[in-house]
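Architecture at a glance
Read off the chains here:
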Amino acid sequence: MSPPDSVNRPVKTTEYSIRILEALKSNPGQSLADLTEEFDIARSTIHRHLLTLEANDLIVRDEDGTFSLGLRLLDFGRRAREYVEFYDVARQQVDRLAETTGEKVWLIAKEEDYSVHLYKAHGDNPLETSAQVGQRRDLHQLAAGKSILAFLPDDELDTILERRELEERTDSTITSEEALREELAEIRDRGYAFNIGESVTGLNAVGAPIRDEDGYPVGAISVSGPAHRVKDSLLNEELPDKLLAALDEIHISLRYGTNG
């Protein structure tokens, strides 16, 4: 017998607290009045949520009476990242790649339909973008994300493409499912993916997946830089070779428990 619908429905009060945290993440220093205006929720209800979040150190009240995220959340994020099986091993390779390439290197994890930025390192000539540790992004917009999509089981890929709209981030972002599937087939053949201005205009990247013992893509690494520099043989040969070598080291360490 199936449980009643009420058992499967999210708890509204919890959703309200999450919405408040999301709002303060995007725009810190908001007041009770600001949040009341932003949400279609009674002022008294928002006030109770703020008091509860503050009492549990998830938000802090500033001297002017506005609210911001509390540093206790940092501990939650740090611990969540530590639970990612490949994090410690992959982080070492990310640091080495950044040093040898001079570019920015990202480590991401797959979580449900998204990529999550876990860790970054950069060499002497990094291109700064808005990407931050902890951000979630649509997989199809990133070289690392496309490399994950390419190696997913067919049924999971189909489900993600049914659930997620291929949103356009730049003029170069792939928004056609047919075009994306064609590119994913090419990525499977060569083992890595490109991002040619698809997430940030003027940025190019190459990404390849971290795969578990069954071949499932649990995460990925990408190397990125400005299009005027990351192009031609650097983009198409040198960076992919270095990236794939780093991934070989990661896979060996994960399978045989070495950290060399």
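A short tour of the structure in this document, coming up. Once a new chain begins, its residue numbering starts again from 1 and follows that chain's sequence as written. Confidence filtering applies because this is a predicted model: local features only for residues at pLDDT of at least 70, side-chain atom pairs given and counted only at 80 or more, and all residues used for totals across whole chains, interfaces and linings. Calculation of side-chain values draws on the structure's entire complement of heavy atoms; hydrogens and water are dropped beforehand.

1. Re the overall build of the protein chain
Broken down by element type, the protein chain carries 10 helices and eight strands. Taken along its principal axes, the extent of the C-alpha atoms in the protein chain is 60 × 50 × 45 Å. Looking at the protein chain as a whole, 44% of its 260 residues are labelled buried. Any two residues whose heavy atoms approach within 4.5 Å are treated as being in contact. Counting contacts in the protein chain only where the partners sit at least 6 residues apart, residues at least 24 apart contribute 57% of the total. All accessibility values rest on the Shrake-Rupley procedure with a 1.4 Å probe; residue burial counts only the protein chains present in the view. Summed over its atoms, the accessible surface of the protein chain is roughly 14400 Å², and 47% of this surface lies on carbon and sulfur atoms. Positive: Lys, Arg. Negative: Asp, Glu. His and the chain ends are not part of the count. To locate a charge, the coordinates of NZ of Lys, CZ of Arg, CG of Asp or CD of Glu are taken. Taken as two groups, the 30 positive and 50 negative side-chain charges of the protein chain have centres that lie 4 Å from each other. Secondary structure elements are defined from DSSP: runs of H or I of at least 4 residues count as helices, runs of E of at least 2 residues count as strands, and each element is numbered from the N terminus. Throughout this description, buried means an accessible area under 20% of the type-specific maximum (1.4 Å probe, protein chains only), exposed means over 50%, and partly exposed covers the range between.

2. Some thoughts on the sheet that holds strand 4 (residues 114-122)
One open sheet holds the six strands; their spatial order is 5-4-3-8-7-6, and the pairing between them is antiparallel. Looking along the sheet, the strands with just one partner apiece sit at the ends: strand 5 (136-138) and strand 6 (193-196). Between one strand and the next, the sheet's axes are offset by a mean angle of 30 degrees, whatever the strand orientation. Both strand 7 (residues 203-211) and strand 8 (residues 217-226) contribute to a ladder of nine bridges, which runs antiparallel. Residue pairing in the sheet places I210 in a bridge with G219 of strand 8. One requirement defines pairing of two strands: DSSP has to find at least two bridges between them. Lines fitted to the C-alpha atoms define the axes, with helices restricted to the stretch that makes contact. Angles between their N-to-C directions range from 0 to 180 degrees.

3. Notes on the packing of aromatic side chains
Given two aromatic rings, their pairing is described by the distance between the two centres and the angle made by the two planes. Put simply, two rings from Phe, Tyr or Trp (the six-membered ring, in Trp's case) pair if the centres are within 6.5 Å, and we call them stacked under 30 degrees between planes, edge-to-face over 60, tilted for the rest. For the coordinates displayed, the defined rule picks out two aromatic pairs. Arranged with centres 6.2 Å apart and planes meeting at 85 degrees, the rings of Y87 and Y119 form a pair that is edge-to-face. Here Y119 lies in strand 4 and Y87 lies in helix 6 (residues 87-101), a separation of 32 residues in the sequence. With a relative accessible area of 4%, Y87 lands in the buried category. Ring plane angle 85 degrees and centroid distance 5.6 Å describe the contact between Y192 and F194, whose orientation is recorded as edge-to-face. Considered together, Y192 and F194 belong to a single accessibility category, that of buried residues. One cation-aromatic arrangement involves R136 over Y114; the distance from NZ or CZ to the ring centre is 4.1 Å. Charge-over-ring contacts are defined here by two conditions on Lys NZ or Arg CZ: a distance within 6 Å of the ring centre and an angle within 35 degrees of the ring normal.

4. So, the pattern of salt bridges
Side-chain pairs of opposite charge can arise whenever the charged atoms involved come near each other. A side-chain nitrogen of Lys or Arg and a carboxyl oxygen of Asp or Glu constitute a salt bridge if their distance falls within 4 Å. In total, this model carries 14 salt bridges according to the counting rule given. The salt bridge partner of K146 is E198, with a shortest N-O separation of 2.8 Å. Of the two residues, K146 is situated in helix 7 (residues 143-150) and E198 in the loop between strand 6 and strand 7; the sequence distance between them amounts to 52 residues. For the pair formed by K146 and E198, the shared burial category is buried. Between E177 and R181 there is a salt bridge, and its shortest N-O distance comes to 3.0 Å.

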